[in-house]
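For reference, the chains in residue letters:
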Amino acid sequence: MTQEIGFIGLGNMGQPMVMNLLKAGFKVKVYNRTPEKAKEVVAAGAIQVNQLADVAEPGGVVITMVSNDQALEEIVFHEKGFGKKLTHGGIHLSMSTVAPETSRKLAAFHQEQGSYYVASPVFGRPEAAAEQKLFILSSGRNEAKLRVTPIQEALGQRIFDIGEEPGNANVIKLGGNFMIMAAMEAMTESFNLAEKNGIDRELAAEIYASTLFNCTVYNGYGSMIGKRNFEPAGFKLALGLKDCNLVLEEANAKQNPMPIASLLHDTLLASVAKGRENQDWSALSRIASENAGLE
């Protein structure tokens, strides 16, 4: 591919994603608020720019992978942002986990500029990003989704088209993250029950992940919770709390009761209050272990 694209956000997910774009032959211009984080991708062939708007070209594509809604809106709407530089035919491919309403707001803004917005959050941790095994969600105008398909294919193993309503991909992403949190809590309580009966919790984790729940979440997070191995963080607990807040905001807006999400919110909030915000979000399991007298 000879297409040049911009990429903003070189965190745990952004760096391996840029690496895969370079391997696929894309020319990539990168911007990160902390410039030092660009060293590895620049060494691999990416072009670093010092001004945020310089990642964008009129009619081009800019990918964003930032931490939250506020950061995303700032890099688009700020006077030094890239939002107005894409102009006619440009595409903003937003791969961050944000509120559906944020995507709707950004889609409306880009439409005013003559550009497009495609919401494209992903399922997968940094190791999946590095191995090009992300599952990619996609919602937005069909003509824009068609244009960014080769980019998405360079980043993941499967793309799910969730229609033209810009917030749809975010709804599915938040629902998926909620189910991961719920699964982690369920695993913790089951492993604690085993441990209270003198059974090795790591053995319990292995049995469940090898039989009834032989899937990515139970294999990956089950092992981490079984071993109580929460550092380094692939996905910080503070971001898990942010996502749970987004889930509850959308649930309230749509009058959709989610009592388990409310319980998880309190667990995540208590975890942050105990100073665990920089541990992996699977560390939410520590609250149940403490309540059981096991930690």
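Preceding this paragraph is the structure being described.
Please read all numbers here as calculations on a predicted model, not as lab measurements. The residue numbering used here restarts from 1 in each chain and proceeds along that chain's sequence as written. Where local features are concerned, this predicted model is filtered to residues with pLDDT of at least 70; where side-chain atom pairs are given and counted, the filter is 80 or more; whole-chain, interface and lining totals use all residues. To obtain the side-chain values, all non-hydrogen atoms of the structure were used and water was disregarded.

**Thoughts on the environment of Lys145**
Then comes step 1: Tracing the chain through its elements places Lys145 in helix 6 (residues 142–153).
Then comes step 2: Given the relative accessible area of 5%, Lys145 is considered buried.
Then comes step 3: Residues Lys145 and Ser120, 25 residues apart in the sequence, show an inter-C-alpha distance of 9.5 Å.
Then comes step 4: Non-local contacts of Lys145, meaning those with residues more than four positions away in its chain, are made with Val118, Ser138, Ser139, Gly140, Gln152, Asp161, Gly163 and Glu164.
Then comes step 5: By the criterion applied in these results, polar contacts are pairs of N or O atoms within 3.5 Å in which, for protein atoms, one can donate a hydrogen and the other can accept it, and in which residues neighboring in sequence qualify only through two side-chain atoms. A polar side-chain atom of Lys145 sits 3.2 Å from a polar atom in the side chain of Asn142. Under the scheme used here, helices are H or I runs from DSSP no shorter than 4 residues and strands are E runs no shorter than 2 residues, and both carry numbers assigned from the N terminus. For the exposure calls, accessible area comes from a 1.4 Å probe over protein chains only, and a residue counts as buried if that area is under 20% of its type's maximum, exposed if over 50%, partly exposed in between. When checking whether two residues touch, look at their non-hydrogen atoms; a contact exists if any pair is within 4.5 Å.

**Topic: the packing of helix 3 (residues 69–77) against helix 4 (residues 100–113)**
Then comes step 1: Note on method: axes are straight lines fitted to C-alpha atoms, helices fitted across the in-contact stretch only, with angles between N-to-C directions ranging 0 to 180 degrees. Axis separation between helix 3 and helix 4 bottoms out at 11 Å; the angle between their running directions is 5°. Regarding the angle of helix 3 to helix 4, the classification is roughly parallel. Between helix 3 and helix 4, the contacting residues are Asp69, Leu72, Glu73, Val76 and Phe77 on the first element and Thr102, Lys105, Leu106, Phe109 and His110 on the second.
Then comes step 2: Of the residues that constitute the contact of helix 3 with helix 4, the class distribution is five nonpolar, two polar and three charged. These descriptions rest on fixed angle ranges, namely under 35 degrees for roughly parallel, over 145 for roughly antiparallel, 65 to 115 for roughly perpendicular, and the rest for oblique. Only Asp, Glu, Lys and Arg are considered charged, only Ala, Val, Leu, Ile, Met, Phe, Trp, Tyr, Cys and Pro nonpolar, and every remaining residue, Gly among them, polar.

**Observations concerning empty space enclosed by the protein**
Then comes step 1: A pocket, in this scheme, is an open set of points on a 1 Å grid over the protein atoms alone with protein on both sides within 12 Å along at least 5 of 7 lines, while a cavity is a set where a 1.4 Å probe fits but cannot get out; residues line either one if an atom lies within 4 Å of a point. Grid points are joined across faces, edges and corners, and a volume is the space filled by probe spheres set on the points. In total, this model carries one cavity of 30 Å³ or more according to the counting rule given.
Then comes step 2: The volume enclosed by the largest cavity comes to roughly 30 Å³.
Then comes step 3: Looking at the largest cavity, the residues that line it are Glu4, Ile5, Gly6, Lys29, Val55, Ala56, Glu57, Gly60, Val61 and Val62.
Then comes step 4: Contributions of two or more residues to the lining of the largest cavity are made by strand 1 (4–8) and strand 4 (61–64).

**Comments concerning the state of the cysteines**
Then comes step 1: For the purposes of this analysis, a disulfide is any pair of cysteine sulfur atoms at a distance within 2.5 Å. Summed over the entire model, instances satisfying the criterion amount to zero disulfides.
Then comes step 2: In this structure Cys215 is not part of a disulfide, and its nearest cysteine sulfur, from Cys244, lies 20 Å away.
Then comes step 3: A relative accessible area of 1% places Cys244 in the buried class.

**What about the nonpolar core?**
Then comes step 1: Take the buried Ala, Val, Leu, Ile, Met, Phe, Trp, Tyr and Cys residues and link them wherever side-chain atoms come within 4.5 Å; each set so joined is a nonpolar core. Counting residues in hydrophobic clusters, the biggest one holds 32 residues, and the most contacted among them are Phe7 and Leu21.
Then comes step 2: Put simply, the parts of the chain that give this core at least two residues each are strand 1, helix 1 (14–23), strand 2 (27–31), strand 4, strand 5 (91–94), helix 5 (126–130), strand 8 (134–140) and helix 6.
Then comes step 3: Tallying contributions element by element places helix 1 first for this core, with five residues.
Then comes step 4: Those residues within four positions of Leu21 in sequence are excluded, and the remaining contacts are Ile5, Phe7, Phe26, Val28, Ile63, Ile151, Ala154 and Leu155.

**Section: the pairing of strand 8**
Then comes step 1: Counting buried positions along strand 8 gives six out of seven residues, so the element sits mostly inside the fold.
Then comes step 2: Strands pair, by our definition, only if DSSP identifies at least two bridges between them. Note that strand 7 (residues 122–123) and strand 8 share two bridges and pair antiparallel. Residue pairing across strands places Phe123 opposite Phe135, the latter belonging to strand 8.
Then comes step 3: The pairing of strand 8 with strand 9 (residues 156–161) spans five bridges and is parallel. When the sheet's bridge partners are listed, Ser138 is paired in strand 9 with Asp161.

**Details of the environment of Val171**
Then comes step 1: Tracing the sequence through the fold places Val171 in helix 7 (residues 168–196).
Then comes step 2: Given a relative accessible area of 36%, Val171 falls into the partly exposed group.
Then comes step 3: If we ignore the near neighbours within four places in the chain, the residues touching Val171 are Pro100 and Glu250.

**Focus: the packing of helix 7 against helix 8 (residues 201–210)**
A pair of packed helices is characterised by two quantities: the angle between their axes and the separation of those axes.
Then comes step 1: In contact at an axis separation of 8 Å, helix 7 and helix 8 are set at 130° when each is read in the N-to-C sense. Considering their axes alone, helix 7 and helix 8 lie oblique with respect to each other. Our pair here, helix 7 against helix 8, has a crossing hand that is right-handed. Counted together, Ser190, Phe191, Asn192, Ala194 and Glu195 of helix 7 and Arg201, Ala204, Ala205 and Tyr208 of helix 8 form the full contact between these two elements.
Then comes step 2: Partitioning the contact of helix 7 with helix 8 into residue classes produces five nonpolar, two polar and two charged. Helix crossings fall into two classes, left-handed where the near helix is turned counterclockwise from the far one by less than a right angle and right-handed where it is turned clockwise.

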